Amino acid sequence: FGGLLTGPSPVDRSRTGSKHHLLVDASGIPLAISLTGGNRNDVTQLLPLLDTLHARPVAGKVGRPRRKPDRVLGDRGYDHDSYRRLLWARGIKPIIARRGVAHGSGLGNQRWVIERGFAHLHNFRRLRIRYERQPQIHIAFLTLACAILCWRRLDSL
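Everything numeric in this text was worked out from a predicted model, so none of it was measured.

Student: Account for the pairing of strand 5 (residues 93-96), naming residues and giving values.
Tutor: Sheet topology note: the strand 4 (residues 71-74)/strand 5 ladder contains 4 bridges and is parallel. Pairing of Gly-74 across the sheet is with Ile-96, part of strand 5. In this fold, strand 4 hands off to helix 2 (residues 81-89), which returns the chain to strand 5; that crossover is right-handed.

Here it is in structure tokens:
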């Protein structure tokens, strides 16, 4: 397969692949998504995802719409001190697991929301394996899947 926005996967015998980066709210509704090559570091997509959130206000409670979250949860892939400082400078509290520290920090109790979001996203068979060579087509399918997930959430309320 291949195409743009692909790269050798560090865990899959250097086969080319892509990564989905997802930002969800506390209830699991997708807010922002991006696509990168399989060899890109996760932390490099943290600030661009937050910047897409700043571009569009998030509706919620009555009053001025929010443009930034209070806190960001992440796994060890997002552990980098300079990015932690950048998040603090933006007024966002980083709750990110540290590398080299034993598991059992308790973040799994809150991180399951994003893992569930990825599971719902990858239930769309077309997104689980990237068949498209053009990244615009795959991003369009990602956006459509996020819209369907939002619609299903609204339909269930």
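On we go.
Student: Before we move on, can you summarise the confidence of the model for the protein chain with the specific residues and values?
Tutor: Model confidence for the protein chain is summarised by a mean pLDDT of 82, while 88% of its residues fall at 70 or above. Strand 1 (residues 7-8) is the least confidently modelled element of the protein chain, averaging 71 in pLDDT, while helix 2 averages 93, the highest of any element.

Student: Break down the nonpolar core for me, with residues and values.
Tutor: Counting 14 residues, the largest nonpolar core has Leu-23, Leu-46, Leu-47, Leu-50, Val-72, Leu-87 and Ile-92 as the members making the most contacts within it. The biggest single contributor to this core is helix 1 (residues 46-55), with 5 residues. Aside from chain neighbours lying at most four places away, what touches Ile-92 is Leu-50, Lys-68, Pro-69, Asp-70, Arg-71, Val-72 and Leu-87. Listed in part, the 8 residues of the second largest apolar core include Leu-127, Leu-142, Cys-146 and Leu-149.

Student: Give a description of the sheet that holds strand 1 that names residues and reports values.
Tutor: Taken in spatial order, the 3 strands line up as 1-2-3 in an open sheet, and their pairing is antiparallel. This sheet does not close on itself; its edge strands, each paired only once, are strand 1 and strand 3 (30-37). By the bridge criterion, 2 bridges tie strand 1 to strand 2 (residues 16-24) in an arrangement that is antiparallel. Residue Gly-7 lies in a different strand from strand 2, and its bridge partner there is Gly-17. Contacting strand 2 and strand 3, helix 5 (residues 135-156) runs over the sheet at an angle of about 155° to strand 3.

The rules behind these values
Residues numbered from 1 in each chain as written. Predicted model: local features only at pLDDT ≥ 70, side-chain atom pairs only at ≥ 80, totals over all residues. Heavy atoms only, no water. Pairing = 2+ DSSP bridges. Helix = DSSP H or I, 4+ residues; strand = E, 2+ residues; numbered from the N terminus. Right-handed = clockwise from strand over helix to strand, strands pointing away. pLDDT = per-residue confidence, 0-100. Core = buried A, V, L, I, M, F, W, Y, C linked by side-chain atoms within 4.5 Å. Buried < 20%, exposed > 50% of the residue type's maximum accessible area, 1.4 Å probe, protein only. Contact = heavy atoms within 4.5 Å. Axes fitted to C-alpha atoms, helices over the stretch in contact; angles between N-to-C directions.

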